[in-house]
Amino acid sequence: MERRDFFKKAIVTAGAVATGTSTLEADGTVHPIDNRKVSDVAFPEKRPLITYSDRPPLLESPREVFTSALTPNDLFFVRWHMPMIPNYINPNTFSISINGLVEEDIHISLKALKTEFKQVELTAVLQCGGNSRTAFKPTAGGIQWGIGAMGCARWKGVRLKDVLKKAGLKKEAVWIGFNGEDKAVYSETANFVRELKLEDLNDNIILAYEMNGEDLPYLNGYPLRLIIPGVYSDSWIKMISNITATKEKQQLHFMEKAYRIPDNECECETPENLVKKTKPIEEMNVNSIIGYPVTGTKVKNDSSLVVRGVAFDGGHGIKKVQISIDGGQMWVDALLDDGSEGKFAYRAFTYAFKPKNSGKVTIMCKATNKKGEEQPFAKDIKWNHGGYKYNGIDEVTVEVV
Ligand SMILES: Nc1nc2c(c(=O)[nH]1)N[C@H]1C(S)=C(S)[C@@H](COP(=O)(O)O)O[C@H]1N2
Ligand SMILES: [Mo]
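Residues numbered from 1 in each chain as written. Chains lettered and ligands numbered in written order. Predicted model: local features only at pLDDT ≥ 70, side-chain atom pairs only at ≥ 80, totals over all residues. Heavy atoms only, no water.

What the protein contains, in helices and strands, is 4 helices and 24 strands. Against the 2.2 N^0.38 benchmark of 21 Å for 401 residues, the protein shows a C-alpha radius of gyration of 21 Å, consistent with a compact globule. For the protein, the proportion of its 401 residues judged to be buried stands at 54%. Put simply, 71% of the contacts in the protein that link residues at least 6 apart link residues at least 24 apart. (Helix = DSSP H or I, 4+ residues; strand = E, 2+ residues; numbered from the N terminus. Rg over C-alpha atoms; globule rule 2.2 N^0.38 Å. Buried < 20%, exposed > 50% of the residue type's maximum accessible area, 1.4 Å probe, protein only. Contact = heavy atoms within 4.5 Å.)

Below, the structure is given as structure tokens:
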């Protein structure tokens, strides 16, 4: 499909897509980080999602999505920084350029990427560093995401390493910069450019053109994006058009100012005492989310309720997920899926029980990874000004009737 006039189409299809998806509508019952509703309108290739902005598109997946190890493309969250996103990409002429400290400046077409390089596939969680930011008190700067600025997909593409090899990196190259097709409105404003240190390059970093067996959705970076398993997605450049090798670190707004946390043991600070020395957010910490039931669900007394959710970390692997229905005093192991999607993927979990009393019951889930790291209680989460890396124990409250 040629993505012609993408945003024009958005306006036409919006109304049509919105009807018939009522199962995903939030019920409006309030949980501190769970009180938002899906929009009445949808973007092309997307079902209605929680919408923070339509230019640039900022769309969050509702909680109900997190019951399986793979997130459907049309329910996958969307985050762009720049309002100027091309509304037309021609896959027949699209190419990516590689320049800077390379033997030869080259362009590689999408077709050449798909046919002349080794194709690889892996499953990985894509999570914004600011996921669940709204749980930080006092309010931290940035989009007030609930729990749904994340998703997990099977990505297919080529190794970044192989593409760089084709251009021939010069010995002096230390940094690799990535630029997408999106642009700031004013030329003085920084574009969304990110860098990787060459020494951090590994076989799992890929340029992907497929997501869950289909072309990337336009809003998730069609036709090509970077995948860096295990780390927060701020460097997973979408609609990638250029790769530049340099010796010196470029002084980039989105590297030096944004997406950084205090460089101290607790990675924390207070609004009164902001920490000057900062570091990039990088590796994802251990986390888990309940997808079903959602807060406000009515469940029958003494009949079986199956709690479902997902757990993940930065690639060490999930050891266990535990459930508590007594406010976090007693914890019982949930059942984990077989883990066949690999160490960078969600582990889906289930836990069945029969509520024994009517009234409100709060269900909590807590993941522990193979390094022994476990999620802290929400009240013990330490603050940082950007509201990054939240991984407090998740909870939903149901009504037993
Ligand atoms: N070109 C481009 N790539 C980008 C961004 C962007 O603004 N422009 N945002 C990054 C951030 S911060 C996130 S969280 C992810 C979001 O990916 P998604 O929209 O596919 O969910 O894309 C990353 N890649
Ligand atoms: Mo992000």
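Let us look at empty space enclosed by the protein. In the structure shown here, the tally under the stated rule is 2 cavities of 30 Å³ or more. Taken together, 20 residues form the lining of the largest cavity, with Arg-79, Arg-225, Ser-233, Trp-236 and Lys-238 sitting closest to its centre. For the lining of the largest cavity, the class distribution of residues is 10 nonpolar, 5 polar and 5 charged. (1 Å grid on protein atoms, 1.4 Å probe; cavity = no way out; pocket = protein on both sides within 12 Å on 5 of 7 lines; lining within 4 Å. Points joined across faces, edges and corners; volume = space filled by probe spheres on them. Nonpolar A, V, L, I, M, F, W, Y, C, P; charged D, E, K, R; others polar.)

Taken together, 19 residues lie around ligand 1, and His-81, Asp-182, Asn-220, Arg-225 and Lys-238 are the ones closest in. Separating an oxygen atom of ligand 1 from a side-chain N or O atom of His-81 is a distance of 2.7 Å. In the model, a nitrogen atom of ligand 1 is placed 3.1 Å from a nitrogen or oxygen of the Trp-236 main chain. The protein chains hide 100% of the 530 Å² of surface that ligand 1 would expose on its own. (Near = heavy atom within 4 Å. Polar contact = N/O pair within 3.5 Å; in protein donor to acceptor, adjacent residues only side chain to side chain. Areas by Shrake-Rupley, 256 points an atom, 1.4 Å probe, with all protein chains shown as cover.)

Below, the discussion takes up the domain arrangement of the protein. Domain annotation for the protein reports domain 1 (1-285) and domain 2 (287-400). When each unit is reduced to the centre of its C-alpha atoms, the spacing between domain 1 and domain 2 is 26 Å. In this complex, domain 1 contributes 55 residues to the contact, which on the side of domain 2 involves 36 residues. Three residues stand out in domain 1 for area buried against domain 2, namely Arg-63, Phe-136 and Asn-285, and they jointly supply 18% of the buried area on that side. Linking domain 1 with domain 2 are 3 salt bridges. Here Arg-63 makes a salt bridge to Asp-394, at a shortest N to O gap of 2.8 Å. The interface formed by domain 1 and domain 2 contains 19 residue pairs in polar contact (both at pLDDT 80 or more). Going through the elements one at a time, strand S6 (119-127), strand S7 (150-159) and strand S14 (260-262) are the ones with two or more residues in the side of domain 1 that touches domain 2. (Domains from an automatic or database assignment. Buried area = accessible area lost by both parts, 1.4 Å probe. Salt bridge = Lys/Arg side-chain N within 4 Å of Asp/Glu carboxyl O.)

Here we take up helix H3 (residues 160-167). One turn of the α-helix equals 3.6 residues, which is why residues spaced by three or four share an orientation. Every buried residue of H3 is listed here: Leu-160, Val-163, Leu-164 and Ala-167. Here the buried residues of H3 occupy an arc of 100° about the axis, which is enough to place them on one side. The positive-phi residue at the C-terminal boundary of H3 is Gly-168, with phi of around 80°. (Arc of directions from axis to C-beta.)

Further remarks concern the pairing of S7. Taken across its 10 residues, S7 has 8 buried, putting it largely inside the fold. Here S6 pairs with S7 via 9 bridges, running antiparallel. Bridge pairing links Leu-126 to Gly-151 in S7. Across 5 bridges, the pairing between S7 and strand S10 (residues 206-211) is antiparallel. Bridged to Arg-159 within S10 is Ile-206. (Pairing = 2+ DSSP bridges.)

Looking at the element boundaries, Trp-145 is found in the loop between S6 and S7. Spatially, the C-alpha atom of Trp-145 lies 33 Å from that of Leu-110, the residues being 35 residues apart in sequence.

Let us look at the sheet that holds strand S21 (residues 335-336). Ordered in space as S16-S18-S22-S21, the 4 strands form an open sheet in which the pairing is antiparallel. On the outer flanks of this sheet lie strand S16 (287-292) and S21, each paired with one strand and no other. Sheet topology places S21 next to strand S22 (residues 347-353); 2 bridges connect them, and they run antiparallel. The residue bridging Leu-336 from the neighbouring strand is Phe-349, located in S22.

This part takes up the pattern of salt bridges. Within the structure shown, the criterion is met by 13 salt bridges. Note that Lys-277 and Asp-263 form a salt bridge whose closest N and O atoms lie 3.0 Å from each other. In this pair, Lys-277 sits in the loop between S14 and strand S15 (278-280) while Asp-263 sits in the loop between S14 and S15, placing the two residues 14 residues apart along the sequence. Looking at Lys-277, the relative accessible area reads 56%, which means it is exposed. Between Asp-380 and Lys-379 there is a salt bridge; the shortest N-O distance is 3.3 Å. Using a relative accessible area of 38% as the deciding quantity, one classes Asp-380 as partly exposed. Each member of the salt-bridge network shares a partner with another, and the members are Glu-267, Lys-279 and Lys-389.

Our focus in this paragraph is the confidence of the model for the protein. Across the protein, the average pLDDT comes to 90, with 91% of residues at 70 or higher. The low-confidence segment residues 9-32 (pLDDT under 50) makes 41 contacts with residues lying over four places distant or belonging to another chain. (pLDDT = per-residue confidence, 0-100.)

Tracing the chain through its elements places Asn-301 in the loop between strand S17 (298-299) and strand S18 (305-312). With a relative accessible area of 28%, Asn-301 lands in the partly exposed category. Setting aside anything within four residues of it in sequence, one finds Asn-301 in contact with Pro-355, Lys-356, Asn-357, Ser-358, Val-400 and Val-401. Polar contacts involving the side chain of Asn-301 include one to the main-chain amide nitrogen of Asn-357, which spans 3.5 Å.

Turning our eyes to something else, we now look at the packing of aromatic side chains. Any two aromatic rings considered together are summarised by their centre-to-centre distance and by the angle between their planes. All chains considered together, the criterion is met by 12 aromatic pairs. Grouped by ring-pair contacts, the aromatic residues Tyr-52, Phe-76, Phe-77, Trp-145, Trp-155 and Trp-236 constitute a single cluster. Lys-366 extends its terminal NZ or CZ atom over the ring of Trp-331, reaching a point 4.6 Å from the ring centre. (Phe/Tyr/Trp six-rings, centres within 6.5 Å; stacked < 30°, edge-to-face > 60°. Lys NZ or Arg CZ within 6 Å of the ring centre and 35° of its normal.)

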